[in-house]
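Spelled out from the first residue to the last, the chains are:
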Amino acid sequence: KKLPGLDCASCGAASCKAHAEDVARGKAKLNDCVHIVNRQLLNLSEKVDLAADNLKKAKDDPRPSASEASYKLIRDLSNEMKDIVDRNRTIHGKEF
């Protein structure tokens with residue numbers, strides 16, 4: 001259900017169904033699908049935009065907690081991006 005159903009073969013499988021079967025057998029990762037990773041990155045991009053907006057607002061807010069909250073959000077997003085990279089270090093069993 002998570003795969004897009006485009007059957008583009010960018011993951012190396014002939015179809016999304018074949019890729020799903022490979023994932024179920026442990027021979028592939030869901031994140032081998034470039035469209036899954038693109039969705040994750042788009043989601044993070046939207047969160048970064050929100051964090052930037054919050055940081056801009058916090059700059060004008062005299063309360064230190066506003067800046068601290070924005071900093072924490074940006075740090076959390078950075079860690080989330082690193083996690084995506086770590087999960088995608090191998091594609092088709094080859095490390096890059």
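Everything below is about the structure shown above.
Everything numeric here is computed off the predicted structure, so don't read it as measured data. (Residues numbered from 1 in each chain as written. Predicted model: local features only at pLDDT ≥ 70, side-chain atom pairs only at ≥ 80, totals over all residues. Heavy atoms only, no water.)

Participant: Describe in detail the overall build of the protein chain, supporting the description with residues and values.
Facilitator: For the protein chain, the count of helices and strands is 3 helices and 2 strands. Order of helices (α) and strands (β) in the protein chain, N terminus to C terminus: α-α-α-β-β. Burial analysis of the protein chain (96 residues in total) assigns 21% to the buried set. Partitioning the intrachain contacts of the protein chain with sequence separation of at least 6 by distance along the chain shows that 50% fall at a separation of at least 24. For the protein chain, the computed accessible surface area is about 7000 Å², with 57% contributed by carbon and sulfur atoms. (Helix = DSSP H or I, 4+ residues; strand = E, 2+ residues; numbered from the N terminus. Buried < 20%, exposed > 50% of the residue type's maximum accessible area, 1.4 Å probe, protein only. Contact = heavy atoms within 4.5 Å. Areas by Shrake-Rupley, 256 points an atom, 1.4 Å probe, with all protein chains shown as cover.)

Participant: Would you mind going over unusual backbone geometry in detail, with residue names and values included?
Facilitator: With a phi angle near 50 degrees, Asp7 is a residue other than glycine that sits in the positive phi range. By relative accessible area, which is 43% here, Asp7 ends up partly exposed. One non-glycine residue, Ala9, lies in positive phi territory at about 70 degrees. Positionally, Ala9 belongs in the segment before helix H1 (16-24).

Participant: Run through helix H2 (residues 34-59), naming residues and quoting values.
Facilitator: Taking 1.5 Å per residue as the helical rise, H2 with its 26 residues ought to reach 38 Å, and the 37 Å between its terminal C-alpha atoms agrees with that figure. Within the span of H2, buried status applies to Ile36, Val37, Gln40, Leu44, Ala51 and Ala58. (Expected span 1.5 Å × (residues − 1).)

Participant: How would you explain the pattern of salt bridges if you had to name every residue and give the values?
Facilitator: Counted according to the given criterion, the structure contains 3 salt bridges. Lys47 is the salt-bridge partner of Glu80, the closest N and O atoms lying 3.4 Å from each other. In this pair, Glu80 sits in helix H3 (residues 64-87) while Lys47 sits in helix H2, placing the two residues 33 residues apart along the sequence. Lys47 sits in the partly exposed class, given a relative accessible area of 31%. (Salt bridge = Lys/Arg side-chain N within 4 Å of Asp/Glu carboxyl O.)

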